[in-house]
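A look at the structure
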Amino acid sequence: MAELTTSPTAATGAANPATSSTTASPAPGFRSLTEESEVEALPLEGELPAWLAGSLIRTGPALWEAGEHPMRHWFDGFAMLHRFSFDQGSVSYASRFLETRAYRAARERGKLAYPEFATDPCRSLFQRVSSAFTPKLTDNPNVNLTRLGERFVAMTETPIPVEFDPETLAAAGVAWKVPGMLTTAHPHRDRASGGMLNYAVKLGPRSSYRFFLVRPEATEPEVIGSVGVREPAYMHSFGLTERWLVLAEFPFVVNPLKLALGGRPYIENYHWKPSLGTRFTLVDRATGEATGPFETDPFFCFHHVNAYEDGDEVVVDLCAYPDAGIVEDLYLDRLRAGKPITKPELRRFRVAPAAGTVAHERLVEEPLELPRINYSRASERRYRYVWGTGAGETGWIDRIVRADLERRETTVWSEDGCYPGEPVFVAAPDAEGEDEGVLLSVVLDGRTEGSFLLVLDAASLDELGRAQAPNRIPFGFHGQFARG
Ligand code: CO
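Reference entry: report on the structure contained in this document. Remember, predicted model here, so these are calculated numbers, not experimental data. (Residues numbered from 1 in each chain as written. Predicted model: local features only at pLDDT ≥ 70, side-chain atom pairs only at ≥ 80, totals over all residues. Heavy atoms only, no water.)

1. A few points about the nonpolar core
Burial of nonpolar side chains together is a common tendency in soluble globular proteins. In this structure, Trp74, Ile267, Phe300 and Trp396 are the most contacted members of the largest nonpolar core, which totals 79 residues. Setting aside chain neighbours within four positions, we find phenylalanine 300 in contact with Tyr234, Phe250, Phe252, Trp272, Cys319, Ala320, Tyr321, Asp323, Ala324, Ile326 and Val327. Grouped together as the second largest cluster of nonpolar side chains are 19 residues, Tyr93, Val438, Val455 and Phe481 included. (Core = buried A, V, L, I, M, F, W, Y, C linked by side-chain atoms within 4.5 Å. Buried < 20%, exposed > 50% of the residue type's maximum accessible area, 1.4 Å probe, protein only. Contact = heavy atoms within 4.5 Å.)

2. Quick word on the coordination of the cobalt ion
Looking at the cobalt ion, the protein donor atoms are His186 (NE2), His236 (NE2), His303 (NE2) and His478 (NE2), and they sit 2.0 to 2.1 Å from it. Around the cobalt ion, the four donor atoms are arranged such that angles at the metal cover 92 to 159°; this shape is classified as irregular. Spacing between the donor residues of the cobalt ion along their common chain follows H-x49-H-x66-H-x174-H. With histidine 186 in the loop between strand S13 (182-183) and strand S14 (188-189) and histidine 303 in strand S24 (residues 300-310), the pair connects residues that are 117 residues apart, well separated along the chain. Residues histidine 186 and histidine 303 agree in their burial class; the two are buried. (Donors = N, O, S within 2.8 Å, 3.2 Å for Na, K, Ca; no water. Tetrahedral: all angles 85-135°; square planar, octahedral: opposite > 155°, others 65-115°. Helix = DSSP H or I, 4+ residues; strand = E, 2+ residues; numbered from the N terminus.)

3. Examining the environment of arginine 191
Its location among the elements puts arginine 191 in the loop between S14 and strand S15 (196-202). Along the backbone, arginine 191 and glycine 465 are 274 residues apart, and their C-alpha atoms lie at a distance of 33 Å. If we skip the residues at most four places from it in the chain, arginine 191 touches Tyr375, Ser376, Arg377, Ala378, Ser379, Glu380 and Arg381. At 3.4 Å, the side chain of arginine 191 forms a polar contact with the backbone oxygen of tyrosine 375. Within polar-contact distance, the side chain of arginine 191 engages the backbone oxygen of serine 376 at 2.9 Å. (Polar contact = N/O pair within 3.5 Å; in protein donor to acceptor, adjacent residues only side chain to side chain.)

4. Considerations on the sheet that holds strand S25 (residues 313-321)
Taken together, four strands build an open sheet; the order of strands is S24-S25-S26-S27 and the sheet is antiparallel. With one partner strand each, in any of the chains shown, S24 and strand S27 (357-362) form the two edges of the open sheet. Across the sheet, the axes of successive neighbouring strands diverge by a mean angle of 25°, strand direction being ignored. With eight bridges joining them, S24 and S25 adopt antiparallel strand pairing. (Pairing = 2+ DSSP bridges. Axes fitted to C-alpha atoms, helices over the stretch in contact; angles between N-to-C directions.)

5. Thoughts on the packing of aromatic side chains
Enumeration according to the criterion identifies 36 aromatic pairs in this entry. With a centroid separation of 5.5 Å and 65° between ring planes, the pair formed by phenylalanine 250 and phenylalanine 300 is classed as edge-to-face. One end of the pair, phenylalanine 250, is in the loop between strand S19 (244-249) and strand S20 (252-254); the other, phenylalanine 300, is in strand S24, with 50 residues separating them in the sequence. Overall, phenylalanine 250 belongs to the buried group, its relative accessible area being 1%. Plain terms: the ring middles of phenylalanine 302 and tyrosine 321 are 6.2 Å apart, the flat faces sit at 80° to each other, and that makes the pair edge-to-face. Within this pair, whereas phenylalanine 302 is found in strand S24, its partner tyrosine 321 is found in strand S25, the two being separated by 19 residues in sequence. Taking NZ or CZ as reference, arginine 466 lies 4.3 Å from the ring centre of phenylalanine 452, over its face. (Phe/Tyr/Trp six-rings, centres within 6.5 Å; stacked < 30°, edge-to-face > 60°. Lys NZ or Arg CZ within 6 Å of the ring centre and 35° of its normal.)

6. Considerations on the pairing of strand S7 (residues 78-87)
Among the 10 residues in S7, nine count as buried, and that is most of the element. Note that strand S4 (residues 54-63) and S7 share nine bridges and pair antiparallel. Bridge assignment links proline 61 to a residue of S7, and that residue is alanine 79. As paired strands, S7 and strand S8 (residues 90-97) are joined by eight bridges and run antiparallel to one another.

So this is what it looks like as structure tokens:
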């Protein structure tokens, strides 16, 4: 049975007696899936709200082999899209591999043709040297997706966003140009234009971070501002307030020349240099002018949660790790062997540009990752609720967490042997409260080695229903809800 616990201190695992030696392992979530599915009505327990209409579309790695050659890291696998559509209380499901250049080439050759996050194709010395001058970039968009105007786009951290058809889930070409070689799969929505804000790293003798806007129908980006950098940091996301773009540069950095010539898998060119500290830089969205950097203790993170201005201070909330060891935790051999991952903490930073200071505090005791907020209402503003995944005694993501930042209190949903993914918040129509709506999460059930879509009340984490998927769904990363 599912467990619900509420606690201001939430001693991890202590309130969850369901965890025991009989708990089924999360390992099936790291096994490749080869079949694509289409089901009109999934078996459903419970009752979904009548207002819930539209589609949850998610991306994630589903295939970690190219021919007989295994990939090494969770982030490497070939992207599959999963779509759960809701209509009058019923749920349909479809899944399909994205037919990208990288995916097609690997199928045709029986081996990897483009380098992924931590796995390189086997190459001759000549191929290594020539690839330094004309780097081959993967277009395998297994990290996140976004909707820009009428376009649906799947993304990874290379400058090749892939448009797809939300009905057929078929890939439909490159969506827009990115002004750099590396970018994030976590753009922000620009409220004023309805466009998308992101940053990219321009690599060269003089490298820089470039912030850019893509308007709803555009394919050419507009560069807003630029910050020079000698050794770019690995940054998976960034923050946004009404005035500022917020860069948190962790000391996990790369020498651009070594990246080009190093001959090592992409992420293994990055090094942890704690003496650099972590540096916040604020870029004015209107003028492009940069303020900072403001240095604080070294830490690492994948995900910013939210940011806003509070008087003279800029508040930046994120999911922090003590160092970049989490990247190593996510190699598949470790995950499949059941080694526990480092637990992230929800941290609030207060950057005071005039005083030049940075202060921080932990917001709740419960670990929190894959954060989601009520974006249309709370993004860039003072807010109260964050939802995310948490990790307890199993050492893997084994719970859904709701954090009330005002009361500094968490509520947890967990069920023995179950491993949920990112909980996507969908607001109820005409909602009054910031947390009025549902959470949608794809859960791997280690007991049956199957998966189901879980629907929770976002305020209480009470279960409203679950729809059984026709197959096991490997652990993915991010998705978005498109209203019907
Ligand atoms: Co992410």
